[in-house]
Every structure is written in structure tokens, then in C-alpha cells.
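# Examination of the molecular architecture
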Amino acid sequence: MTIWEAIAVCAAGLGAGAINTVVGSGTLLTFPVLLAVGLPPVTANVSNALGLVPGSVSGAIGYRRELRGQRRRVLLLSGVALVGGLAGAVLLVALPSSAFDMIVPVLIGIALVLVIVQPWLARVAGRRREKHGRTARPDGGVPLSAGLLAASAYGGYFGAAQGIIYLALMGLFLDETLQRINAVKNVLGALVNATAAVFFLFVADFDWLAVVLIAAGSAVGGQFGAFVGRRLSPTALRAIVVAVGAAAIVHQLLR
């Protein structure tokens, strides 16, 4: 890795840490950069998962005020996320690299659709609750747990736009503000990344330079994202994520 490639990887980690904290989808920034510097897809994925753990933890700490009063919810949903994240990590190792190459563009495509329609889904859910005169359950019930289990398995497998999936699901089933939901999302993302990373340590090959560069960048980015998150336009962030994700799909299909 040249010095300029190293700078690009660290910068991608910084951007991913900030984007993950505010919205999610930071992997759509780091993953194509790791591919561009020559890492194989699976090595890039596991290195990215481990490198983003400090950023996820940093973002969760940055949103600690919004976590107040949500301890029971966080503990319950964290258990679901842990099981799902481990399952996704096992799938990544069990499936052949060729399968991963074919699945990634599809996963990114689905994630980008969710990025685009998430505000609409939240509005629909809100109108439905008002129409029937009921409020969402404090823990979201079985539907939210089932959805987060699948989303966490996806996160352990790849993770691009995992945070967006979390926001969409919790926005549908929880009667909370976006900032408080975002705080829970950051905790779940940190847990899934950490769970997958610990599993990968025993069964997969890492590019340790890439891990260190992404970790350093994402830790700073997580704090930056928490600081400016309430000041950035969600529309602008969504447009950036969609653009980067589309480029990732094109890059993967042309490999």
C-alpha cells in the first residue's frame, strides 16, 4: 500500500465513522476503497468490520445523552443483534468467495433502496399508528426483534447500509424521536461489528494495516459525526450514500 493509498483508506475510515454515527452506510465508503487498493473482497470485508469497531463505539459514546431511559430496550435488542451478527459472520466464512462476489451487489442495491425510501416508511408508520389510535410498543415486539435479527445477520455478513436498515425498522415499530432511535442504532451497530470482528479474528485473514488505518479514522469520525449530526441535512447525507453505493455496485460488477 502506497502512502497515498494509506491516506485514502484512513480518510475513508474517518468518513465512514461520521456517516455511520449520523445515518449509517459507512461501509459503502470504506469497502470500495479497500477493493481499489487491491484487497480481495472477503479480506476487505473482515478488515473493514474490525476497523470500524472503534468508530461504532465512538459514535455510541457521542450519542450517550439520547440513550438515557432506554436501558431495557437496548439490552433486549442488543441480545438480538449479537445472535444475528454472529450468524452473519459464520455465513461469510462458510460461503465461498465467489458467492460473496455475486451477493454483494445485490445487498448494496437493497440497502440503497432502503436509504431512499426510509423517510417514506417512517411517515407511513406514523399515519398508521394515528389512524388506529395506538402507540408503538416500547420494545417493538416480535416484528422488530425478527427484523433486527435479520438485519444484524446482514450486518455480520457485510454491513453496507446496516444502520439505515436499523433506522427503518425502529422507525416503523418504535414511537421515538429519530435522535433517540439513532442512539440505539449506534449501540447495535457497535455490537454487531464487534461480534463479527471477534469471530473473524479466529477464522479469517486480515490486512492489519488497513484495520489500523480504518480504526484510527473511524474513531475520529464517530466523534465528528456525533457532534455535527443534528446540523447536517439528512437529504444531503442520503444523496452522498446513494452516490457512493452506486459507485460500489458498478465497481463490483466490473471486477
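What comes next is a walk through the structure. Per chain, residue numbering runs from 1 following the sequence as it is written. Under the rules for a predicted model, residues below a pLDDT of 70 receive no local features and side-chain atom pairs below 80 are neither given nor counted, while totals for whole chains, interfaces and linings still include all residues. Only hydrogens and water are set aside; all other atoms, that is, all heavy atoms of the structure, feed into the side-chain values.

A cluster of nonpolar side chains, V93, V198, L201, F202, V203 and W208, forms an exposed patch at the surface whose accessible area comes to about 610 Å². The element best represented in the nonpolar patch is helix α9 (residues 178-203), accounting for four residues. Helix numbering and strand numbering both begin at the N terminus, where a helix is a DSSP run of H or I of at least 4 residues and a strand a DSSP run of E of at least 2. In this fold, V198 is placed in helix α9. Exposure categories follow from relative accessible area, calculated using a 1.4 Å probe and restricted to protein chains: below 20% of the type maximum is buried, above 50% is exposed, and the middle band is partly exposed. Its relative accessible area of 46% is what places V198 among the partly exposed residues. Patches here: salt-bridge-free residues with over 30% relative accessible area, like charges joined within 9 Å, nonpolar side chains (Val, Leu, Ile, Met, Phe, Trp, Tyr) joined within 5 Å. Surface accessibility in these figures is a Shrake-Rupley result with a 1.4 Å probe; residues are shielded only by whichever protein chains are displayed. The salt bridge definition used is simple: a Lys or Arg side-chain nitrogen within 4 Å of an Asp or Glu carboxyl oxygen.

Here we take up the packing of helix α4 (residues 53-62) against α9. Only C-alpha atoms enter the line fits that serve as axes; for helices the fit covers just the stretch in contact. Angles between N-to-C directions range over 0 to 180 degrees. The interhelical angle for the contact between α4 and α9, taken along N-to-C directions, is 155 degrees, at an axis separation of 8 Å. The pairing of α4 with α9 is recorded here as roughly antiparallel in orientation. In the packing of α4 onto α9, the handedness of the crossing is left-handed. Here α4 contributes V53, S56, V57, G59 and A60 to the contact with α9, which in turn contributes N186, V187, G189, A190, N193, A194 and A197. The nonpolar class holds Ala, Val, Leu, Ile, Met, Phe, Trp, Tyr, Cys and Pro. Asp, Glu, Lys and Arg form the charged class, and all remaining residues, Gly among them, are polar. Classifying every residue of the contact of α4 with α9 by side-chain character gives seven nonpolar, five polar and no charged. Convention used here: angles under 35 degrees read as roughly parallel, angles over 145 as roughly antiparallel, angles from 65 to 115 as roughly perpendicular, and any remaining angle as oblique. By the definition used in this description, the sense in which the near helix is turned from the far one sets the handedness, with an anticlockwise turn below a right angle giving left-handed and a clockwise turn giving right-handed. Every residue pair with non-hydrogen atoms within 4.5 Å of one another is taken to be in contact.

With respect to the element layout, R73 can be found in helix α5 (residues 71-94). For R73, a relative accessible area of 12% puts it in the buried group. N or O atoms within 3.5 Å of each other form a polar contact, as long as, within protein, one can give a hydrogen and the other can take it, and as long as residues adjacent in sequence are counted only when both atoms are side-chain atoms. Here Q70 takes part through its side chain, which lies 2.7 Å from a polar atom of the side chain of R73. Contact partners of R73, with chain neighbours within four places excluded, come to P138, L174, E176 and V184.

In this section: the environment of F199. Here F199 shows up in helix α9. In this structure F199 touches L86, A89, V90 and V93, once residues within four positions along its chain are discounted.

So, about the environment of P96. Checked against the element boundaries, P96 lands in the loop between α5 and α6 (97-132). Residue classification places P96 among the partly exposed positions, given a relative accessible area of 47%. Along the sequence, P96 and V42 sit 54 residues apart, while their C-alpha atoms lie 9.4 Å from each other.

Keep in mind these values describe shape, not function.
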